[in-house]
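Descriptive analysis of the structure
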Amino acid sequence: MTTTTSTTAAPTEAVATASTVATASTVDAPALIRFRPTGLDTAPEVNALLERLDLGPFAPDGLTAFGGRNDNWAGTTTRGRQVFVKTVARAPDGSRPEIDRALAFEASAARLPAGSPLRTPEHLGTDRESAVSAFRLLPGSRSGSEVALDGDFDEALCREAGRAVATLHTLGTAGGASASASGGESDGTSDGEAPDPASAPAIDTGEAPLPPMRWLRAFPWSEVQDRSMAQIAAWKLVQDDTEVVAALHRLRERERTAPHTPAHCDLRFDQFLVHDGQLFLCDWEEFRLADPARDVGAFVGEWLFQATYSVFAPTGEPTSAKDAVAPGFDLSHEEIVERGAAGLRHHIPRIAAFWQGYTECRTPDPELAERAVAFAGWHLYDRLIATAQAHAVLNPVARAAAGIGRTLLLNPAGAVATLRLADPAVPHPAVAPAAVVPAAVLPTAVPHPAQPHPADAPSGSPR
């Protein structure tokens, strides 16, 4: 068993659990939803890692978990350390690509200077053999998705997010990494020796798995049993739209020729944490060299997805998870367009603040903004596919998201100025978000007769 340790890097904010039995929060500040974790008797590797790191095993009282794909545990050890532990899945061939990518990030982030805009909770150690990692717990922290739903992901936080993502994209360059100090949260001590960057896994250079190009042609029968009817319907929206499929192929080609940088490649609001007023970026299992427009587009896409949900909230803007899925599907075409445009107007300043922060820390290549808009379009399809998992049919929110995503994919250049991704030094035209909204409410215009398209083998597992 090999254990690596470091004073930097990052955990995920919300990783998975075996059940959905909520437990009460004991902190005064708003906190993440808690779940009952998998029993440690079925995962002895967790306490074994904590013992090796000289932290002591988890104390059973107060042990909890967060939501997500992978088993995780959060609590206090018998030696009084607040710790978050997560597992990741192994590949069918027994390899551990997610752990290797995360460790590659660790080695890169170890060279960040103190005070870096890229903050990540302290990594305490990893047992690569068991695919288990331990991190410092940030008690009372809030997920970025919760912060966004509560209306607290303001322009200041968005600017900080832009600075963090830009710093990520400069890792390994002269301005992006120096010395060996940590940009993450650390008290200057380590529970083991810092990892030797020379022995860390190499940064993955493989193509990011999403969008899965083979799935644009046909949905694998082997995957049908693991997908809900709504997810299959969402994929059909993509597959039957020959223009969208062609646009995704064009985007992949542009991505291959774009300048590549270290990138997160799985950026969502729930990969951010807000702790003591500071923003942290987490979850590095998809870290690799890739088109930086992926991360920029994902952040933009998250706000557009929020704007889509605001169309159907009782007040036009969700203030809680309950509001975000409230009824309101009897709205007229005009009301949907009006609410959608209002939601975009509300969120576009946050997108602009993110872009301002990004360009403060990094000069993007001339075509990055346009590619980012196209990736934002794909992100909307990706999110609707992911959120359709628990449903039998696609609801109007999903179809609205698909419509907006389609608009952005087919004409990314036309939305750059509207989404405020133009050069900050150049005055932007009056925002006309309604130009992006109408396609969202025309689902009958989306499907087209299916036609053969070139197949491209994706790496990884699509949603």
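Scope of this entry: the structure provided in the associated data block. This one's a predicted model, so the numbers in the text were calculated from it and none came from an experiment.

Reading the values: rules and limits
- Residues numbered from 1 in each chain as written.
- Predicted model: local features only at pLDDT ≥ 70, side-chain atom pairs only at ≥ 80, totals over all residues.
- Heavy atoms only, no water.
- Helix = DSSP H or I, 4+ residues; strand = E, 2+ residues; numbered from the N terminus.
- Buried < 20%, exposed > 50% of the residue type's maximum accessible area, 1.4 Å probe, protein only.
- Areas by Shrake-Rupley, 256 points an atom, 1.4 Å probe, with all protein chains shown as cover.
- Axes fitted to C-alpha atoms, helices over the stretch in contact; angles between N-to-C directions.
- Parallel < 35°, antiparallel > 145°, perpendicular 65-115°, else oblique.
- Contact = heavy atoms within 4.5 Å.
- Nonpolar A, V, L, I, M, F, W, Y, C, P; charged D, E, K, R; others polar.
- Pairing = 2+ DSSP bridges.
- Core = buried A, V, L, I, M, F, W, Y, C linked by side-chain atoms within 4.5 Å.
- Expected span 1.5 Å × (residues − 1).
- Phe/Tyr/Trp six-rings, centres within 6.5 Å; stacked < 30°, edge-to-face > 60°.
- Salt bridge = Lys/Arg side-chain N within 4 Å of Asp/Glu carboxyl O.
- Left-handed = near helix turned anticlockwise from the far one by under 90°.

Secondary structure assignment for the protein chain yields 12 helices and 10 strands. Buried positions account for 54% of the 463 residues belonging to the protein chain. Taken as a whole, the protein chain presents about 19,000 Å² of accessible surface, with 53% of it coming from carbon and sulfur.

What follows concerns the packing of helix H6 (residues 229–239) against helix H11 (residues 368–387). Taken N-terminus to C-terminus, the directions of H6 and H11 make an angle of 160°; their axes are 8 Å apart at the nearest point. When the axis of H6 is compared with that of H11, the two are roughly antiparallel. Counting all contacts with H6, which are made through Gln-231, Ala-234, Trp-235 and Val-238, the residues of H11 involved are Trp-378, Tyr-381, Leu-384, Ile-385 and Ala-386. Classifying every residue of the contact of H6 with H11 gives 8 nonpolar, 1 polar and no charged.

A few words now on the sheet that holds strand E8 (residues 272–275). The strand order across the open sheet built from 3 strands is E6-E8-E9, with neighbouring strands paired in antiparallel fashion. Each edge of the sheet is formed by a strand with only one pairing partner; in this case those strands are strand E6 (142–143) and strand E9 (278–281). Note: E6 against E8, 2 bridges, orientation antiparallel. In the strand pairing of E8, Ser-143 is matched with Leu-273.

Moving on, we come to the nonpolar core. The biggest cluster of nonpolar side chains holds 82 residues, and the ones touching the most others in it are Phe-153, Phe-299, Leu-384, Leu-408, Leu-419 and Leu-421. Here this core takes 12 residues from H11, the largest share from any one element. Core analysis: the second largest hydrophobic core is formed by 15 residues, Val-46, Leu-53, Trp-73 and Val-83 among them.

A word on H11. In a regular helix each residue adds 1.5 Å, so 20 residues correspond to 28 Å; H11 covers 28 Å between its end C-alpha atoms and thus fits that length. In terms of burial, H11 is a largely internal element, 18 of the 20 residues being buried.

On inspection of all chains with the given rule, the structure shows 17 aromatic pairs. Ring geometry for Phe-66 against Phe-84: centres 5.8 Å apart, planes inclined by 20°, an arrangement best described as stacked. One end of the pair, Phe-66, is in the loop between helix H1 (44–52) and strand E2 (72–76); the other, Phe-84, is in strand E3 (residues 82–87), with 18 residues separating them in the sequence. Residue Phe-66 is classed as buried on the basis of its relative accessible area, which comes to 4%. Phe-84 gets classed as buried once you look at its relative accessible area, which sits at 2%. Ring plane angle 65° and centroid distance 4.8 Å describe the contact between Phe-269 and Trp-303, whose orientation is recorded as edge-to-face.

By secondary structure assignment, the location of Ala-107 is in helix H2 (residues 97–109). On the basis of relative accessible area, Ala-107 is assigned to the buried category, the value being 7%. Separated by 95 residues in sequence, Ala-107 and Ala-202 place their C-alpha atoms 9.3 Å apart.

Along the chain, Ala-218 turns up in the loop between helix H4 (155–169) and helix H5 (221–224). Classification of Ala-218 by relative accessible area gives partly exposed; the value is 45%. Each C-alpha atom of the pair Ala-218 and Asp-240 lies 10.0 Å from the other, and the pair is 22 residues apart in sequence.

Okay, H6 next. Ala-230, Gln-231, Ala-234, Trp-235, Leu-237, Val-238 and Gln-239 are the residues of H6 that are buried. Residues of H6 that are buried in the fold lie against helix H7 (242–257), H11 and helix H12 (396–410).

As a working rule, side chains carrying opposite charge can pair if their charged atoms are close by. Applying the stated rule across the entire model yields 31 salt bridges. Of the charged contacts, one joins Glu-255 and Arg-294 as a salt bridge, the two residues approaching to 2.6 Å between their closest N and O atoms. In this pair, Glu-255 sits in helix H7 while Arg-294 sits in helix H8 (residues 293–310), placing the two residues 39 residues apart along the sequence. On the accessibility criterion, Arg-294 (9% relative accessible area) is buried. In this structure, a network of salt bridges that share partners links the residues Glu-207, Arg-252, Glu-253, Glu-255, Arg-256 and Arg-294.

The next thing to look at is the environment of Gly-405. Tracing the chain through its elements places Gly-405 in helix H12. Owing to a relative accessible area of 0%, Gly-405 belongs among the buried residues under this scheme. Sequence separation between Gly-405 and Leu-380 is 25 residues; the distance between their C-alpha atoms is 5.3 Å. With residues near it in sequence (within four places) discarded, Gly-405 still touches Gly-377, Leu-380 and Tyr-381.

The next point concerns the packing of H8 against H11. For any two helices packed against each other, the geometry is given by the interaxial angle and the distance between the axes. Where H8 contacts H11, the axes come no closer than 6 Å and their chain directions differ by 55°. When the interaxial angle is binned, H8 and H11 end up oblique. Once H8 is placed against H11, the crossing between them reads as right-handed. Across from Ala-293, Arg-294, Val-296, Gly-297, Ala-298, Val-300, Gly-301, Glu-302, Leu-304, Phe-305 and Tyr-309 in H8, the residues of H11 making contact are Leu-368, Arg-371, Ala-372, Phe-375, Ala-376, His-379, Leu-380, Arg-383, Leu-384 and Thr-387.

Let us look at unusual backbone geometry. Trans is the common state for peptide bonds, and a negative phi is the common state for residues other than glycine. The omega torsion of the bond from Leu-210 to Pro-211 falls at -5°, within 30 degrees of zero and hence cis. Non-glycine residue Cys-265 carries a positive phi angle of around 70°. Tracing the sequence through the fold places Cys-265 in the loop between strand E7 (261–263) and E8. Using a relative accessible area of 17% as the deciding quantity, one classes Cys-265 as buried. For Asp-276, which is not a glycine, the phi torsion comes out positive at approximately 50°.

This brings us to the pairing of E9. Sheet topology places E8 next to E9; 4 bridges connect them, and they run antiparallel. Across the sheet, residue Phe-272 finds its bridge partner in E9, namely Leu-281.

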